[in-house]
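Listed here are the chains, written in short residue letters.
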Amino acid sequence: MNTQNYWLMKSEPDVFGIEDLKNAPKQTTMWEGVRNYEARNFMRDKMKIGDGVLFYHSNVTPPAIVGTAIISSNSYPDPSQFDSESEYADPKSTEEKPRWYLVNVTFKSRFKRAITREELQSHPILSEMMLFKRNRLSITPVSEEEWNSIHKILEE
DNA sequence: GCCAACGTTGGC
DNA sequence: GCCAACGTTGGC
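What counts and how
- Residues numbered from 1 in each chain as written.
- Chains lettered and ligands numbered in written order.
- Predicted model: local features only at pLDDT ≥ 70, side-chain atom pairs only at ≥ 80, totals over all residues.
- Heavy atoms only, no water.
- Near = heavy atom within 4 Å.
- Polar contact = N/O pair within 3.5 Å; in protein donor to acceptor, adjacent residues only side chain to side chain.
- Nonpolar A, V, L, I, M, F, W, Y, C, P; charged D, E, K, R; others polar.
- Helix = DSSP H or I, 4+ residues; strand = E, 2+ residues; numbered from the N terminus.
- Contact = heavy atoms within 4.5 Å.
- 1 Å grid on protein atoms, 1.4 Å probe; cavity = no way out; pocket = protein on both sides within 12 Å on 5 of 7 lines; lining within 4 Å.
- Points joined across faces, edges and corners; volume = space filled by probe spheres on them.

S.K.: How would you explain the protein's contact with DNA strand C if you had to name every residue and give the values?
M.R.: Lining the immediate surroundings of DNA strand C are Lys10, Tyr56, Ser58, Asn59, Pro63, Arg117, Asn135, Arg136 and Ser138. Within the side chain of Lys10, a nitrogen or oxygen atom sits 3.1 Å from a phosphate oxygen of DNA strand C. The side chain of Tyr56 places a nitrogen or oxygen atom 2.7 Å from a phosphate oxygen of DNA strand C. For the surface near DNA strand C, the residue count by class is two nonpolar, four polar and three charged.

S.K.: Go over the environment of Val105, please, and point to the residues and values.
M.R.: Relative to the helices and strands, Val105 is located in strand β7 (residues 104-116). If we skip the residues at most four places from it in the chain, Val105 touches Met9, Leu21, Gln27, Thr28, Thr29, Trp31, Ala69, Ile70, Ile71 and Ser72.

S.K.: How would you sum up the layout of surface pockets? Please name residues and give values.
M.R.: Sizing a probe to match a water molecule and rolling it over the atoms shows the empty space that remains. Approximately 560 Å³ is the volume found for the largest pocket. Lys10, Ser11, Glu12, Glu32 and Tyr88 are the residues nearest the centre of the largest pocket, which is lined by 19 residues in total. Within the residue set of the lining of the largest pocket, elements represented by two or more residues are β1 (6-11), α1 (13-16) and β2 (28-30).

S.K.: An account of the protein's contact with DNA strand B is needed here, citing residue identities and associated values.
M.R.: Near DNA strand B you find Asn36, Tyr37, Lys92, Arg134 and Arg136, and these make up its full shell. Among atoms of DNA strand B positioned within 4 Å of the protein, sugar and phosphate together represent 62%. Between DNA strand B and Arg134 there is a distance of 3.2 Å, counted from a phosphate oxygen to a side-chain nitrogen or oxygen. At 2.5 Å, a side-chain N or O of Arg136 approaches a base oxygen of DNA strand B.

This is the structure:
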């Protein structure tokens, strides 16, 4: 059964931007540090290898979708939760009962031009994205129609 | 840098 | 189990 999904994943470019992903070993990173249950559930329960990702730069001017990536692993416990040195350490989490999960994300493309949040908001289809309904959620599902609209815009 | 939105924590 | 206090996200 084909269950290709699409996602939008936010990252602050000052912390880890799409160039960092492009330059990473194997152009792949662990999407560590997500500490929100809803976002975790998407990674843990819904993401599949091969799913498409819209890579979104947050907390910058202007916020924008800047490229794409691919989900490249199944979910597994986020190692940083067990690392007391890490800012993502969670003392309430144990190896037997991990609280936080992540997936690997692999670079796919950098757009020739960023598609800004403002541009998305002015688009009849893309203005309905969950991104705008759940403003603070760092991972949101993207419909196939939305995914196709993004790529259509890029061809113009 | 401000602050609204909203998720989490913890006292009761 | 409620909810006030608190902390964080992220657009602006």
